[in-house]
Structures are given as C-alpha cells and as structure tokens.
Amino acid sequence: MAETISIKFRRSDDYQLETYGKDVHRALDKLAGGAAKWDLTKGHGVARLGRGRGRIERHEDGPEIVNLVITELPNYIAAITGLVSLWWSRPRKSKAKDKTGLSVRVGDFTIEAPLADKASVNRAIAVLKAVGKGK
C-alpha cells in the first residue's frame, strides 16, 4: 500500500463554515475541481481529489486533505501551499485569541505547525514543498 499524507487546517476563533472566508472557499473549490464537485450528503462537504483516493473534507474547525498518496502530492503542492497562506490570512474575529495552524501526517509521523506569523507560514510551506519533493 502506498504511503499517504493528510493535511488538517485548524483554527479556534470560529466554528462556522462560512467564516473560512471567500478566498479559502474559492481555493477549496478550485482544488476540488469546481464547486459542483462537493458531495454535501456527508457533513459539510467532501470532494475527491482527481481520480485517486485523496479527498478534501470541510469541517467546522478547518478543512482537511486526507488519504492523498504521497507520490501525488507534487500535483497539488502549489494549490495546497497557496491554501496555507490563505488560511493564515483569512478574516478572523480575533487574531490574538485564534490558534491557527495545520497538522501534516505521513503514516504514523505528524508535524504540528502553528501559523502565528508570516515566518511560521513560510516554514510550513517549505516543509510541505520538501515533502512533495521527497526530501
């Protein structure tokens, strides 16, 4: 079985799906292949990533990319790293109280990456790019 990667975007400021922000929603729709690709029969929406096992799930605390085969990551890396920047810069009720971040899981190994400032966003993007290149 091929190794998979999962990327969970997290927030603590709000738990309404609408407050992801328009830019994040547009980016998720584009990653899914269009707004019509969402299956809304399960939770807040699930969309497949291409023809593989990977999918995007929308949750109150943030979207999650699950079961993406690691060798497929390079096909999505530009969209995912762009989403990291959008996730950090989305409108928030209180940036001071919000705990924005992401978790990257490959097999049993998980990296927790807080997105507290532009430097931490750049580090998270660099890690994702390195994983995508197999380094």
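Residues numbered from 1 in each chain as written. Predicted model: local features only at pLDDT ≥ 70, side-chain atom pairs only at ≥ 80, totals over all residues. Heavy atoms only, no water.

1. Let's talk about the overall build of the protein
From N to C terminus, the protein includes 3 helices and 6 strands. In sequence order, the secondary structure elements of the protein are arranged as β-α-β-β-β-α-β-β-α. For the protein, whose C-alpha radius of gyration is 14 Å, the value lies close to the compact-globule estimate of 14 Å for 135 residues. Along the first, second and third principal axes, the C-alpha atoms of the protein reach 40 × 35 × 25 Å. Restricting the contact set of the protein to residue pairs at least 6 apart, pairs at least 24 apart contribute 63%. Looking at the protein as shown, the accessible area adds up to about 7,600 Å², and 55% of this sits on carbon and sulfur atoms. Counting 25 positive and 16 negative side-chain charges, the protein places the centres of these two groups 5 Å from one another. (Helix = DSSP H or I, 4+ residues; strand = E, 2+ residues; numbered from the N terminus. Rg over C-alpha atoms; globule rule 2.2 N^0.38 Å. Contact = heavy atoms within 4.5 Å. Areas by Shrake-Rupley, 256 points an atom, 1.4 Å probe, with all protein chains shown as cover. Lys, Arg positive; Asp, Glu negative; His and termini not counted. Charge placed at Lys NZ, Arg CZ, Asp CG, Glu CD.)

2. A closer look at the packing of helix 2 (residues 73-89) against helix 3 (residues 118-133)
Relative orientation of the contacting elements helix 2 and helix 3 amounts to 170°, with a least axis distance of 10 Å. The orientation of helix 2 with respect to helix 3, classified from their angle, is roughly antiparallel. On helix 3, the residues that touch Leu73, Pro74, Ile77, Ile80, Thr81, Val84, Ser85 and Trp88 of helix 2 are Lys118, Val121, Ala124, Ile125, Leu128, Lys129, Val131 and Gly132. (Axes fitted to C-alpha atoms, helices over the stretch in contact; angles between N-to-C directions. Parallel < 35°, antiparallel > 145°, perpendicular 65-115°, else oblique.)

3. Topic: the pairing of strand 5 (residues 101-106)
Inspection of the sheet shows strand 1 (residues 4-10) paired to strand 5 by 6 bridges, in the antiparallel sense. Each bridged residue has a counterpart across the sheet, and for phenylalanine 9 the counterpart in strand 5 is leucine 102. In this structure, the hairpin formed by strand 5 and strand 6 (residues 109-114) is closed by a connection of 2 residues, where glycine 107 is found at a positive phi of approximately 60°. (Pairing = 2+ DSSP bridges.)

4. Considering the nonpolar core
Ranked by size, the top nonpolar core spans 32 residues in total, and within it Ile7, Ile65, Val84 and Leu102 carry the most contacts. Where this core is concerned, the elements lending two or more residues are strand 1, helix 1 (22-32), strand 4 (64-69), helix 2, strand 5 and helix 3. At 8 residues, helix 2 tops the list of elements feeding residues into this core. Setting aside anything within four residues of it in sequence, one finds valine 84 in contact with Phe9, Leu102, Leu115, Val121, Ala124, Ile125 and Leu128. (Core = buried A, V, L, I, M, F, W, Y, C linked by side-chain atoms within 4.5 Å. Buried < 20%, exposed > 50% of the residue type's maximum accessible area, 1.4 Å probe, protein only.)

5. Side note on the sheet that holds strand 2 (residues 46-48)
Read from one edge to the other, the open sheet built from 6 strands follows the order 2-3-4-1-5-6, with strand pairing classed as antiparallel. Edge positions in the open sheet fall to strand 2 and strand 6, since each of these has one partner strand only. On average, adjacent strands in this sheet sit at an angle of 15° to one another, irrespective of strand direction. Judged from the 4 bridges that link them, strand 1 and strand 4 form a sheet pairing that is antiparallel. Across the sheet, the residue bridging to lysine 8 is glutamate 64, located in strand 4.

6. Observations concerning the environment of glutamine 16
Within the secondary structure, glutamine 16 sits in the loop between strand 1 and helix 1. The class of glutamine 16 is partly exposed, set by a relative accessible area of 44%.

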